[in-house]
Structures are given as structure tokens and as C-alpha cells.
Amino acid sequence: MSFYHHSLLGLRELSAEEILYILDEAKAFRQILERDIKKVPTLRWLTVVNLFYEPSTRTRISFELAEKRLSADVINFTQSGTSVAKGESLRDTVNNILAMKVDMVVVRHSSVSAPNYIERECNVQVINAGDGTNEHPTQGLLDLYTIREKFGQFSGLKVVILGDIRHSRVAHSNIWGLKKLGAKVILCAPRTLLPQYPEVFGVDVSTNIEEALSGANVVNVLRLQLERQKAGYIPSLREYRMFWGLTQERVKLLDPDHIIMHPGPMNRGVEIDPDVADANDSVILQQVTNGVAIRMAVLYILAGKINE
Ligand code: CP
């Protein structure tokens, strides 16, 4: 099986076979992370720039670690302290970096399709590290990896995506990936935080949290995007926790064989209670560990296509 795309822009455009190919490749890299020496010389010829136009803790560090574990050279770019402050465009910024003989771009940007724009305008391979509210494909892949690590497969699993789905690129990548791999997906949120046109995704939708969680194998809790709440999507944080938060009482509704996920960063005591986040059935930190292996796999697969 081959991987047909030159960039990773989203899971929507990948086939089930391509997604499984990445998950399979990631298994070998996950084993490397358990060794005393966690570094391999595989991509020592590669230079990658991590362009982060938005804040990030997990994704930025995870990509940098993945690149360093593969012995690639890494340049980290954040907006502050650069000529973006002087008005330099995205296209000019990337073309100038590429002129220094950089091979691949990892980008996080607040604009939907900024990674597609860079790929097209700058003729370079791009990995999307989150574009606006559109997609966050490596987060989707690490979530899929973590689910498969626990259950072995996807068909027959009931997966609830809970919370601020409307603004969540993580939700979108999860939905596309889970659907392609055969899981039953339920979007659960107050009506104001559901996507405007949920039917586009072809999944079930529920505004009844107890019903949605009942018998679920996976609940992926999304961060309530506090920076977007000025528009009045919820009455108050206290009421959000009361009606939509994942509490121990609500965890009891899940299938006995279940896992609790969250992409981070968490608002403890809002969308998820601290005792739920830290319980044995929570795989939140496993997701973070698996993210490094997923990003190593994506870098390795795409680097193999540089001269194609
Ligand atoms: N999950 C995630 O994207 O976290 P960061 O914003 O910290 O990268």
C-alpha cells in the first residue's frame, strides 16, 4: 500500500487505506520512543520549518521532538519577533524561508486553508498543524491511534464527540477519520455549539447528553473555546459544566469498557471534571505520547515523496 498525497492537509481527503497506513507506520516509531536511545538517523538530510502563527504547546513541541527524533534539522518560527510584525505576507515569509533550502513546512494558522495556500503558492510539501476551525489532521490521527491501541479496531465502536464542535478543527478531523474507519460517531453539544450544517458530516447528532453517552466506548471531550464565547453561545461556565460537563456521574453511563479522551488544553471543572481527567480510564496523556509517533510517521512518509 502507498500513500498517495504529497502533503497532509486534512483527513477528509485521505482514504481509509491511507489513514491505516499512517497508523501502522506509527507503531514502529512508538516502539522507538520506549528505547533508551530515542533517536534514529532516518531523516538527517531533511530540514523542516515549524511555522506557528497561533499559540500551541502540545503540537509544536510534539512536531519538534518528532523531527529531532528522526535527526532532521528544525527551524521554529513563531509570529512574535519576526518580520510578520512589519507586514510581511504569508507567501513572502514562506518563500524566504524556502530560499534558505528548507525542505518541508509544518504550519498552524488561524485561517482556514492556509496550509493549502502555502502548498499551492510556494510549491512545497506541507503538514497542517491546525488551520482555523477546519482540520487538525495529526491530532485526528493520534486520536485514532489511541482508540485502536485500546480496542484494536473501529467497527462497532460508539464514539461520542462532546462539546464545542462548532469551533473545533479537532472534531472535524476526528469525524472524517472515524467515519472512514467504520466507527459510529455521535456529535453531542448544545445546539449553539453544534456545526451549522451537521448533516454535511453524515453522523448522528444529539442534544441529550445522557442518551448520547449511554453505552459509548469512547468519549472525546472538546475544549470549550473560551476566547470565542463572547458571542453568547452559552449562558455561563457554571451552567455549561452542569449541563454539558463530563462528570463522574455521567461517566457511569458509558460502556464498562471505555476510554476518556481530550485533545488539550483542558478547562478543568468546565468541560471535564478534574477527577475524570485524572482517572485510570482517561488516556489523555497517552494521546500526547502517541502524537510524537504519529508525527514521526507522517514526516517519514512525506519525506519519502520529496523527489517523486
Ligand atoms: N491539541 C492541541 O492542538 O494542543 P495545542 O494547541 O497545545 O497544540
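Above this text sits the structure in question.
Residues numbered from 1 in each chain as written. Predicted model: local features only at pLDDT ≥ 70, side-chain atom pairs only at ≥ 80, totals over all residues. Heavy atoms only, no water.

K.L.:
How should the packing of aromatic side chains be read in this particular structure?
P.N.:
Here a ring pair, both rings aromatic, is described through the centre-centre distance and the interplanar angle of the planes. One pass over the structure, following the stated rule, counts 3 aromatic pairs. For the ring pair Tyr53 and Phe77, a centre distance of 5.4 Å and an interplane angle of 40° mean the geometry is tilted. Separated by 24 residues along the polypeptide, Tyr53 in the loop between strand S1 (47–52) and helix H2 (58–69) and Phe77 in strand S2 (residues 73–78) bring together distant segments of the chain. Just as Tyr53 is buried, Phe77 falls in that class too. On the basis of an interplanar angle of 50° and a centroid distance of 5.3 Å, the ring pair of Trp176 and Phe201 is categorised as tilted. Highlighted residues: Trp176 in helix H6 (residues 169–180) and Phe201 in the loop between strand S6 (184–188) and strand S7 (204–206), separated in sequence by 25 residues. Owing to a relative accessible area of 11%, Trp176 belongs among the buried residues under this scheme. For Phe201, a relative accessible area of 8% puts it in the buried group. Cation over ring: Lys150 sits above Phe151, and NZ or CZ is 5.7 Å from the ring centre. One cation-aromatic arrangement involves Arg295 over Phe63; the distance from NZ or CZ to the ring centre is 5.1 Å. (Phe/Tyr/Trp six-rings, centres within 6.5 Å; stacked < 30°, edge-to-face > 60°. Helix = DSSP H or I, 4+ residues; strand = E, 2+ residues; numbered from the N terminus. Buried < 20%, exposed > 50% of the residue type's maximum accessible area, 1.4 Å probe, protein only. Lys NZ or Arg CZ within 6 Å of the ring centre and 35° of its normal.)

K.L.:
Would you mind showing me how to read H2 here?
P.N.:
Note on helix geometry: an α-helix contains 3.6 residues per turn, so any two residues three or four positions apart are oriented the same way. The terminal C-alpha atoms of H2, which comprises 12 residues, lie 16 Å apart, in line with the 16 Å expected from a rise of 1.5 Å per residue. Residues of H2 that are buried: Thr59, Ser62, Phe63, Glu64, Ala66 and Glu67. Phi turns positive, to about 70°, at Ser71, one or two residues after H2. (Expected span 1.5 Å × (residues − 1).)

K.L.:
Any chance you could explain unusual backbone geometry here in plain terms?
P.N.:
Among all residues except glycine, the phi angle is most often negative; among peptide bonds, the trans geometry is most common. In this model, Gly264 is joined to Pro265 through a cis peptide bond whose omega is -10°. For Lys101, which is not glycine, the phi dihedral falls at a positive 70°. Relative to the helices and strands, Lys101 is located in the loop between helix H3 (90–98) and strand S3 (104–109). Phi at Ser113 takes a positive value of approximately 75°, unusual for a residue other than glycine. According to the relative accessible area criterion, Ser113 is partly exposed, its value standing at 32%.

K.L.:
I tried to follow the sheet that holds S2 on my own but got confused; where do I start?
P.N.:
Spatially, 4 strands are ordered S2-S1-S3-S4 in an open sheet, and the strand pairing comes out parallel. With one partner strand each, in any of the chains shown, S2 and strand S4 (125–131) form the two edges of the open sheet. Going across the sheet, the axis of each strand differs from the next one's by a mean of 15°, ignoring polarity. As judged from the 5 bridges shared by S3 and S4, these two strands associate in the parallel manner. Paired with His109 across the bridge in S4 is Asp131. Packed on one face of the sheet, helix H11 (residues 284–303) meets S1, S3 and S4 and runs near 150° to S4. (Pairing = 2+ DSSP bridges. Axes fitted to C-alpha atoms, helices over the stretch in contact; angles between N-to-C directions. Contact = heavy atoms within 4.5 Å.)

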